[in-house]
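# Observations on the model geometry
Below are the chains, spelled out letter by letter.
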Amino acid sequence: MLVAPRYGTASLADLVPSSLAALGVDGEVDRIGLELDGIKRVCILMVDGLGAALLDANSAAAPFLSSRTSKVLTAGFPSTTATSLSSLGTGLPPGEHGIVGYLLAVPGHQRLMNPLKWRLHGAGDRIDLLKDVAPEEFQPNTTAFERAAEAGISVSRVAPMYQGESGLSRASLRGGEFRASFSMGDLVDGAIQSLRNGSRSLVYAYHGELDLTGHVRGPHSDAWAAELSQVDLLARSIAERLPGDAALIVTADHGMVEIVDPVDFDATSSLRAGVARLGGEPRARHVYTKNGAIDDVVATWQAILGTDFGVFSRSEVIDNGWFGPTVTHAAVQRIGDVICVATGSGAVVRTGAEPLQSMLIGHHGSLTAEEMHVPLCVIR
């Protein structure tokens, strides 16, 4: 069963606006029901790859978080890092902020764009798009962090150094000050020190090793459970040091599943018929078709892939509201003509063009509960 994003009530796009409402920012509404009366400082700890189902299944490895998780949010679509962090940072669904996938079309470029790296994707030269595609123009909406800073709140982002001036950060997470973190202990200290700034403060802290472990070793591996224990210690360490008027909110950008039955696009000629470019990622593909080939590609892909996949035209997906109630013209140009989502344990990989990604055990991007549901843990 596919899970529809709960935009406006319980999605990642609603978290920062709801936090700003708790901090007294005019015009912001608590869409989630955070119940943060009296709180003047909020730290949002983003744990990359911590799905709600995975946390439930590994409660013994994370007793602190498991005992304090009260609600579940949904990611947006696709359930992937670039899209989710953009929804968190802007407070908008993907159809409005326009970061609509892992690999997406950029008008004027034949090759697809990877917004995580802000580069064109493909073999050979890796073209940096920071000069050619300005992040602030690619995603021109005012971010929720910028709105917070304009309201007099001290805003800090604590994350690995590479994220400081990255294209994605400039596009969707801009606003306030950036503090580089170099270790888990440094992330704890950076979050707490930043929380103490000003009379009201908002801190965004990012931890990425759990996602990496899940991709490489699998989300059901002992390595993943061991890393989750470290995440649990991280959250507890921040919570134990919170100022008296502060709250810690722990959430994630997506969950993860293990792939059992991959289909190789590069080795299946019938899947390539009518396809000009293949974007997205293995469990949520943007298929850019040749002129007039949309209906044929939908029919062919559905016939070949079977019931473990859903194959839809772009207009169907937009009408389903997966990208949000509003989809801008710019976002429409970036979305594939055809969208293919995995509903079981499969994926559409590319062993030739994407050999490293095809070797990964854990993947995400689709609309299953395992990928879409993320925990919401609020600690005062």
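Residues numbered from 1 in each chain as written. Predicted model: local features only at pLDDT ≥ 70, side-chain atom pairs only at ≥ 80, totals over all residues. Heavy atoms only, no water.

### Remarks on the environment of threonine 80
We count it as follows: Numbering of helices and strands starts at the N terminus; helices are DSSP runs of H or I of at least 4 residues and strands are runs of E of at least 2. Under the scheme applied here, a residue whose accessible area is under 20% of the maximum for its type counts as buried, over 50% as exposed, and between as partly exposed, the area being computed with a 1.4 Å probe on protein chains only. For this analysis, residues touch if any pair of their heavy atoms sits within 4.5 Å.
Note that threonine 80 resides in the loop between β2 (69-74) and α4 (81-90). Given a relative accessible area of 3%, threonine 80 falls into the buried group. Placed 169 residues apart in sequence, threonine 80 and isoleucine 249 show a C-alpha to C-alpha distance of 20 Å. In this structure threonine 80 touches Gly101, Tyr102, His254, Glu281 and His364, once residues within four positions along its chain are discounted.

### Here we look at helix α9 (residues 184-195)
Rules: Expected span of a helix: the number of residues minus one, times 1.5 Å.
An ideal rise of 1.5 Å per residue puts 16 Å on 12 residues; α9 measures up with 17 Å between its terminal C-alpha atoms. Residues of α9 that are buried include every one of Leu187, Val188, Gly190, Ala191, Ile192, Ser194 and Leu195, and no others. At its buried positions, α9 is contacted by β1 (41-47), β5 (154-160), β6 (177-181), β7 (201-207), α11 (222-240) and β8 (246-252).

### A short note on the sheet that holds strand β11 (residues 275-278)
Where we set the bar: For two strands to be treated as a pair, DSSP must find at least two bridges joining them. In this description, a line fitted to the C-alpha atoms serves as the axis of each element, helices being fitted only across the stretch in contact, and the angle between N-to-C directions of two axes falls anywhere from 0 to 180 degrees.
Taken in spatial order, the four strands of this open sheet run β11-β12-β14-β13, and their pairing is antiparallel. The sheet is open, and its two borders are formed by β11 and β13 (309-313), each paired with just one other strand. If you compare each strand with its neighbour and ignore which way they point, the axes differ by 25 degrees on average. Two strands pair when backbone bridges link them, and strand β12 (residues 284-289) and strand β14 (residues 338-342) are joined in this way by four bridges, in the antiparallel orientation.

### Comments concerning the packing of aromatic side chains
To be explicit about the condition: We call Phe, Tyr and Trp rings a pair once their centres come within 6.5 Å, taking the six-membered ring for Trp, and we label the pair stacked below 30 degrees between planes, edge-to-face above 60, and tilted otherwise. Put simply, a charge is over a ring when the Lys NZ or the Arg CZ is close to the ring centre, within 6 Å, and near the line of the ring normal, within 35 degrees.
By the definition in use, this model includes six aromatic pairs. Note on phenylalanine 77 and phenylalanine 323: the rings are 5.3 Å apart at their centroids and 65 degrees apart in plane angle, and the pair reads as edge-to-face. Linking phenylalanine 77 in the loop between β2 and α4 with phenylalanine 323 in the loop between α14 (314-320) and α15 (329-334), this pair joins segments that are 246 residues apart in sequence. By relative accessible area, which is 2% here, phenylalanine 77 ends up buried. By way of ring pairs, the aromatic residues Phe77, Phe312, Trp322 and Phe323 are connected into one cluster. Over the face of the ring belonging to tyrosine 288 we find arginine 277, whose NZ or CZ atom lies 5.2 Å from the ring centre. For the cation-ring pair, arginine 334 lies above phenylalanine 138, with the distance from its terminal atom to the ring centre recorded as 3.5 Å.

### Some details on the pattern of salt bridges
Which entries qualify depends on this criterion: Just to be clear on terms, a salt bridge is a Lys or Arg side-chain nitrogen sitting within 4 Å of an Asp or Glu carboxyl oxygen.
In this structure the tally under the stated criterion is 11 salt bridges. Two residues, arginine 170 and glutamate 136, come together in a salt bridge whose shortest N-O distance is 2.8 Å. Of this pair, arginine 170 sits in helix α8 (residues 167-172) while glutamate 136 sits in helix α6 (residues 135-138), placing them 34 residues apart in sequence. Arginine 170 gets classed as partly exposed once you look at its relative accessible area, which sits at 23%. Across the pair glutamate 371 and arginine 283 runs a salt bridge, and its minimum N-O distance is 2.7 Å. Taken together, the residues span a long stretch of sequence, with glutamate 371 in helix α17 (residues 369-372) and arginine 283 in the loop between β11 and β12 at a distance of 88 residues. Glutamate 371 gets classed as buried once you look at its relative accessible area, which sits at 0%.

### Topic: the pairing of strand β17 (residues 373-379)
Working note: regular strand, side chains alternate between the two faces of the sheet. Burial analysis of β17 places five of its seven residues in the buried class, which makes it a mostly covered element. In terms of strand pairing, β2 meets β17 through five bridges, oriented antiparallel. Opposite valine 72, over in β17, you have proline 375 as the bridge partner. Across three bridges, the pairing between β8 and β17 is antiparallel. Residue pairing in the sheet places valine 250 in a bridge with cysteine 377 of β17.

### Things to note about helix α1 (residues 15-22)
Taking burial as the measure, the eight residues of α1 include six buried ones, the bulk of the element. Along α1, the positions that sit buried rather than exposed are Leu15, Val16, Pro17, Ser18, Ser19 and Leu20. Where α1 is buried, its residues touch β1, α4, α7 (144-150), β7, β8 and β17. Of the residues one or two after α1, glycine 24 is the one with positive phi, at around 85 degrees.

### Concerning the sheet that holds β1
Here seven strands make up an open sheet; going across it, the order is β2-β17-β8-β1-β7-β5-β6 and the pairing mixed. Each edge of the open sheet is held by one strand with a lone partner, namely β2 and β6. Within this sheet the neighbouring strands show an average axis-to-axis angle of 20 degrees, counted without direction. Set on the sheet, α9 makes contact with β1, β5, β6, β7 and β8; between it and β7 the angle comes to about 170 degrees.

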